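# Structural features, examined
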Amino acid sequence: MKTTDIQQFRQADHDIDPIYINRWSPRSFLDKDVPEDVLLRVFEAARWAPSSGNIQPWRFILARTKEDRETFHSFVMDGNRKWCERAPVLTLIISDKETATHAFDAGTAWGYLSLQAAKEGLITHGMAGFYKDKARELLNIPDEFDIQALIAIGYQGEKDILDQELQEREKPSDRRPVQDSLMEGSFQ
């Protein structure tokens, strides 16, 4: 989707970098590999996310080969599986539970990853719709790690590759006004 098309769905109330408005989570992926150097830049950005005590509790398990993606597909719920099977890269974000802020820190790394992906011309789509227990078993994830999210990464395809239900949802979502998220002094 072109930047001008996105502007019909999203407008910032305050002056911010356009990357925040233009980054969204499409479900239509091209069947096109992501070059190694581009993918490494995306994860390099995640590496530089802040974390409590500089612990950097996040880890990323990648699926880029057909076999690895099929393993990942086996634990994705049907609603997500029908579109994410076209994504050339899937990554599972996990975090070491050694600090109380591990999930918050892993979320920050995901944010950095998604913004760098947008700068690289890629799209990302985060998912919670997968079976964590099955993922833990199939990917041999130790108990000291929490499973946070599954991310699809790739190049955006045309929405006509999606079924009718998904085509109707394939547009950037707006956000509530910033004033609705801010509270002065206490919860109001």
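Residues numbered from 1 in each chain as written. Predicted model: local features only at pLDDT ≥ 70, side-chain atom pairs only at ≥ 80, totals over all residues. Heavy atoms only, no water.

## Let's talk about the sheet that holds strand β3 (residues 123–127)
Put simply, the rule is: At least two bridges found by DSSP between two strands are what make those strands a pair. Only DSSP runs of H or I reaching four residues or more are called helices, and only runs of E reaching two or more are called strands; each is numbered from the N terminus. Where helices are involved, their axes are fitted lines through C-alpha atoms of the stretch in contact, as for all axes, and angles between N-to-C directions lie from 0 to 180°.
Across the sheet, 4 strands lie side by side as β1-β2-β4-β3; this open sheet has antiparallel pairing. Lying at the two open borders of the sheet, with one neighbouring strand each, are β1 (58–63) and β3. Averaged over all adjacent pairs, the angle separating strand axes in this sheet is 25°, with direction ignored. Two strands pair when backbone bridges link them, and strand β2 (residues 89–96) and strand β4 (residues 145–154) are joined in this way by 8 bridges, in the antiparallel orientation. By the bridge assignment, L92 is partnered in β4 with L150.

## With respect to the pairing of β2
Our working rule: When accessible area is computed with a 1.4 Å probe and restricted to protein chains, residues below 20% of their type maximum are described as buried, those above 50% as exposed, and intermediate ones as partly exposed.
Burial runs high along β2: 8 of the 8 residues are buried. Of the two faces of β2, both are covered, the one formed by V89, T91, I93 and S95 as well as the one formed by L90, L92, I94 and D96.

## Remarks on the packing of aromatic side chains
As a reminder of what qualifies: Centres within 6.5 Å are what make two rings of Phe, Tyr or Trp a pair, Trp counting through its six-membered ring; a difference in plane orientation under 30 degrees is then read as stacked, over 60 as edge-to-face, and the rest as tilted. Comment: the charge-over-ring label is applied if NZ (Lys) or CZ (Arg) is within 6 Å of the ring centre and within 35 degrees of the ring normal.
Enumeration according to the criterion identifies 4 aromatic pairs in this entry. A ring pair is formed by F29 and W83, whose centres lie 6.2 Å apart and whose planes are at 10°; its orientation type is stacked. A residue pair is termed long-range when its members are at least 10 positions apart, and F29 in the loop between α2 (18–22) and α3 (36–47) and W83 in helix α5 (residues 78–84) qualify at 54 residues. There is no split in this pair, since F29 and W83 are both buried. Ring geometry for F43 and F60: centres 5.0 Å apart, planes at 70°, overall edge-to-face. Of this pair, F43 sits in helix α3 while F60 sits in strand β1; the two residues are 17 residues apart in sequence, bridging distant segments of the chain. A relative accessible area of 22% places F60 in the partly exposed class. Here the aromatic residues F72, F75 and F130 are joined through ring pairs into a cluster of three or more. Just above the ring of Y155 sits the side chain of K32; from NZ or CZ to the centre is 4.3 Å.

## Focus: unusual backbone geometry
Even without a glycine there, the phi angle at N54 is positive, about 55°. Mapped onto the elements of the fold, N54 is located in the loop between α3 and β1. Using a relative accessible area of 54% as the deciding quantity, one classes N54 as exposed. If you check the backbone angles, Q56 has positive phi at about 50° while not being a glycine. Mapping Q56 onto the fold places it in the loop between α3 and β1.

## As for the UniProt feature "domain: Nitroreductase" (unreviewed entry) in the protein chain
Filter applied, for reference: UniProt positions are given in the numbering used here, feature names are shortened, and annotations may be inferred rather than shown by experiment.
Using the residue numbers shown here, the UniProt feature "domain: Nitroreductase" (unreviewed entry) corresponds to residues 22–79. Along residues 22–79, the helical share is 40% and the strand share 10%, with 25 Å between the first and last C-alpha atoms.

## Considering helix α4 (residues 66–73)
Our working rule: Regarding the arc, it is the one traced by the directions from the helix axis to the C-beta atoms. Contacts between residues were defined by any pair of non-hydrogen atoms, one from each residue, lying within 4.5 Å.
Where α4 is concerned, the buried positions are R69, F72 and H73. With its buried residues spanning 100° around the axis, α4 presents them on a single face. Where the residues of α4 are buried, they touch β1, α5, β2 and β4.

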